Amino acid sequence: MRMGKVIAVSGKGGVGKTVVASLTIKFLLKEKDGSILAVDADPSCNLHIALGIERPKMTLGSLRERAKRRPKSFDLSSFIEYGINMAIVEGRCDLLSVGRPEGKGCYCAVNSLLRESLGKLSKDYDYIVIDNEAGLEHISRQTDASCDIMFIIANPTPQSLATSLSIMELIRELENEIKETYIILNRAETATSDMLDRLKNKVQIAGLLRTDPSIYEAEREGRSLLDLPEDSQIYCDFKEILSGLI
Ligand SMILES: Nc1ncnc2c1ncn2[C@@H]1O[C@H](COP(=O)(O)OP(=O)(O)OP(=O)(O)O)[C@@H](O)[C@H]1O
Ligand SMILES: [Mg+2]
C-alpha cells in the first residue's frame, strides 16, 4: 500500500513554522513529482494566505459539528469521509484546515479526527506537510505521531531553544513514531558559535535560515510565499537543507 511522506513543522509561537511549511511546499512543487496536501493544524488558520489559497469554508472542527446533525441515512464514517473531501481546498497544492471546535467544545475530538484522517489521507497523497500550532500540545495529543520528518523551528533565543528541547524530550518520552527529528534554526544570524556548539551536543540541526526581507515584502504585498524568487536567499538556503533530507 502506498504511504505518502509526512513532514510536520513545530516550534514556539512566531518562530517561523508557517514560513518553513510554505517553503517545504514550494520545494516539493519545484523539485519533486507527486501530489501534496498541506494541513493547517493551527486553529488560527493562516497557512492558506502564505500558500495563496482561498480561506477554507469548512474545517475539521466545523465538520465535526455538522456530523452531529447529519441525516440519519449517513453513517458517521462515510459522512466524515465525504466531509473531508468537501473540506479540502484546491490550489497549487491541496489544503485541509483543522480549525477549532465550535462553541465551548474541547479540542480532543477535533484532534482525534485529525489523527484518524491523516492515517487515511497519507494513502491518497505523496506528501503531507503539517503546519502545527505553537507549543507541545500536538505532540502530547499525538496528532502527528507517525510522521516521517519533524522539523522543530527555533530562533536563537533561550526561550525558543528551551521550547524546542522540550518538544524533543516529549517526542522521546512518548515514543511517538517520528522517524527523523531535526532542528532548523531560523533568523539564525544572531546565533553565537557557543550556542550552536551547545545545541549540536543535544540535537541534530538540519540547517540555518537567515532573516530575509523578501518574506516581509511578499507578506506586505499579499503575495504567496510559493512565489518567492528561486534565487532569494531564504529559498536557496532552504533548498540546500531539504535536498539532503527529502
Ligand atoms: N527567515 C525569516 N526572514 C524574514 N521574516 C521571517 C523569517 N522567518 C519568519 N519571518 C516572519 O516572522 C513572522 C512569524 O513567522 P511565521 O508566521 O512563519 O511564524 P509561526 O511560527 O508560524 O507563528 P505562529 O506561532 O503564530 O503560527 C512572519 O511575519 C514571518 O514572515
Ligand atoms: Mg504559523
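Look a little higher up for the structure.
Residues numbered from 1 in each chain as written. Chains lettered and ligands numbered in written order. Predicted model: local features only at pLDDT ≥ 70, side-chain atom pairs only at ≥ 80, totals over all residues. Heavy atoms only, no water.

Draft legend 1. Region of interest: the overall build of the protein. Helix and strand content of the protein: 10 helices and 8 strands. When its C-alpha atoms are laid out on the principal axes, the protein stretches across 65 × 40 × 40 Å. Sorting the 246 residues of the protein into buried and exposed places 53% on the buried side. Taking the contacts inside the protein whose residues are at least 6 apart along the sequence as the reference set, 74% of them involve residues at least 24 apart. Here the protein has roughly 11,900 Å² of accessible surface; of this, 48% comes from carbon and sulfur atoms. (Helix = DSSP H or I, 4+ residues; strand = E, 2+ residues; numbered from the N terminus. Buried < 20%, exposed > 50% of the residue type's maximum accessible area, 1.4 Å probe, protein only. Contact = heavy atoms within 4.5 Å. Areas by Shrake-Rupley, 256 points an atom, 1.4 Å probe, with all protein chains shown as cover.)

Draft legend 2. View of the site of ligand 1. Taken together, the neighbourhood of ligand 1 is formed by 19 residues, with Lys 17, Thr 18, Asn 186, Asp 212 and Glu 219 sitting nearest. Within the side chain of Arg 187, a nitrogen or oxygen atom sits 2.8 Å from an oxygen atom of ligand 1. In this structure, Glu 219 approaches ligand 1 through a side-chain N or O atom, which is 2.6 Å from an oxygen atom. For ligand 1, whose accessible area on its own is 620 Å², the fraction buried by protein is 81%. Breaking the shell around ligand 1 down by element, the ones donating at least two residues are helix H1 (17–31) and helix H9 (213–220). Residue composition of the shell around ligand 1, by class: 6 nonpolar, 6 polar and 7 charged. (Near = heavy atom within 4 Å. Polar contact = N/O pair within 3.5 Å; in protein donor to acceptor, adjacent residues only side chain to side chain. Nonpolar A, V, L, I, M, F, W, Y, C, P; charged D, E, K, R; others polar.)

Draft legend 3. Local environment of the side chain of Thr 163. Take Thr 163: it is sitting in helix H7 (residues 158–174). The contacts of Thr 163, once residues within four sequence positions are left out, are Lys 12 and Leu 136.

Draft legend 4. Focus on the packing of helix H3 (residues 60–68) against helix H5 (residues 108–121). For the pair H3 and H5, interaxial distance at closest approach is 9 Å and the crossing angle is 105 degrees. Put simply, H3 runs roughly perpendicular to H5. Residues Leu 60, Gly 61 and Arg 64 of H3 lie in contact with H5, whose contacting residues are Ala 109, Val 110, Leu 113, Leu 114 and Ser 117. A breakdown of the residues in the contact of H3 with H5 according to their chemical character gives 5 nonpolar, 2 polar and 1 charged. (Axes fitted to C-alpha atoms, helices over the stretch in contact; angles between N-to-C directions. Parallel < 35°, antiparallel > 145°, perpendicular 65-115°, else oblique.)

Draft legend 5. Structural view of the sheet that holds strand S7 (residues 180–186). With mixed pairing, the 8 strands of this open sheet are ordered in space as S3-S4-S2-S5-S1-S6-S7-S8. The sheet terminates laterally at strand S3 (89–90) and strand S8 (205–209), the two strands that pair on one side only. Where strand S2 (residues 36–41) meets strand S5 (residues 127–132), 6 bridges bridge the pair, whose relative direction is parallel. Each bridged residue has a counterpart across the sheet, and for Val 39 the counterpart in S5 is Ile 130. (Pairing = 2+ DSSP bridges.)

Draft legend 6. Focus on the nonpolar core. Grouped together as the largest cluster of nonpolar side chains are 44 residues, with contacts concentrated most on Val 39, Leu 60 and Ile 128. Take this core: its biggest share by element is 6 residues, from H7. Filtering out sequence-adjacent residues up to four positions away, Val 39 remains in contact with Leu 47, Leu 96, Val 98, Leu 114, Leu 118, Ile 128, Val 129, Ile 130 and Asp 131. Listed in part, the 39 residues of the second largest apolar core include Val 19, Val 89, Tyr 182 and Leu 228. (Core = buried A, V, L, I, M, F, W, Y, C linked by side-chain atoms within 4.5 Å.)

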